[in-house]
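Structure assessment
Here is how the chains run, residue by residue.
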Amino acid sequence: DDSAALSQGIGFGWHAEWAGTAYAFTIDPNGECRFWDNTADTDWITKQAGSVAGFDEGLSQHTVAVVIENGEALGYVDGTFCTRYALASYEPGVPGVVALGPGKATFDDYFVYVFP
């Protein structure tokens, strides 16, 4: 399938054998962003949604970022704030990239920063 995946983004807080809660922040081709969570390997559930003001659908790639601070995750796309989500039980875990739905997803220049 040469079509794009429905949503792509960042996963964070994953632990082996799905212990605790894993989270994801995704963006779709229309500029709609979502925070998801998944507990004990259940279905992913949308917890918070928003949209990116001035989202440029014509760009071939987008920058997605999540800032986690004081129990809250802030989601950004191309440097523009999209939405926030209160992480009631967040425990740092393995980060990664995620894609939702059929189709192709490509990722480039994946970075994780930890600030004191």
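Report on the accompanying structure. (Residues numbered from 1 in each chain as written. Predicted model: local features only at pLDDT ≥ 70, side-chain atom pairs only at ≥ 80, totals over all residues. Heavy atoms only, no water.)

1. Looking at the overall build of the protein
When its secondary structure is counted, the protein shows zero helices and eight strands. Taken over the C-alpha trace, the protein has a radius of gyration of 14 Å; the compact-globule value for 116 residues is 13 Å, and the two agree within 12%. Along the first, second and third principal axes, the C-alpha set of the protein runs to 35 × 30 × 25 Å. When each of the 116 residues of the protein is scored for burial, the buried share is 28%. Contacts in the protein between residues far apart in sequence, at least 24 positions, make up 47% of those at least 6 positions apart. Of the roughly 7400 Å² that the protein leaves accessible, carbon and sulfur atoms contribute 52%. Each charge class in the protein was averaged separately, 4 positive and 16 negative side chains, and the resulting centres sit 6 Å apart. (Helix = DSSP H or I, 4+ residues; strand = E, 2+ residues; numbered from the N terminus. Rg over C-alpha atoms; globule rule 2.2 N^0.38 Å. Buried < 20%, exposed > 50% of the residue type's maximum accessible area, 1.4 Å probe, protein only. Contact = heavy atoms within 4.5 Å. Areas by Shrake-Rupley, 256 points an atom, 1.4 Å probe, with all protein chains shown as cover. Lys, Arg positive; Asp, Glu negative; His and termini not counted. Charge placed at Lys NZ, Arg CZ, Asp CG, Glu CD.)

2. Quick word on unusual backbone geometry
Positive phi, normally seen in glycine, also occurs at N70, with a value near 55 degrees. On the basis of relative accessible area, N70 is assigned to the exposed category, the value being 79%. You will see that D78, though not glycine, has its phi angle at about 55 degrees, which is positive. Here D78 lies in the loop between β6 (72-77) and β7 (80-86). Judged by relative accessible area, D78 falls into the partly exposed class, the value being 31%.

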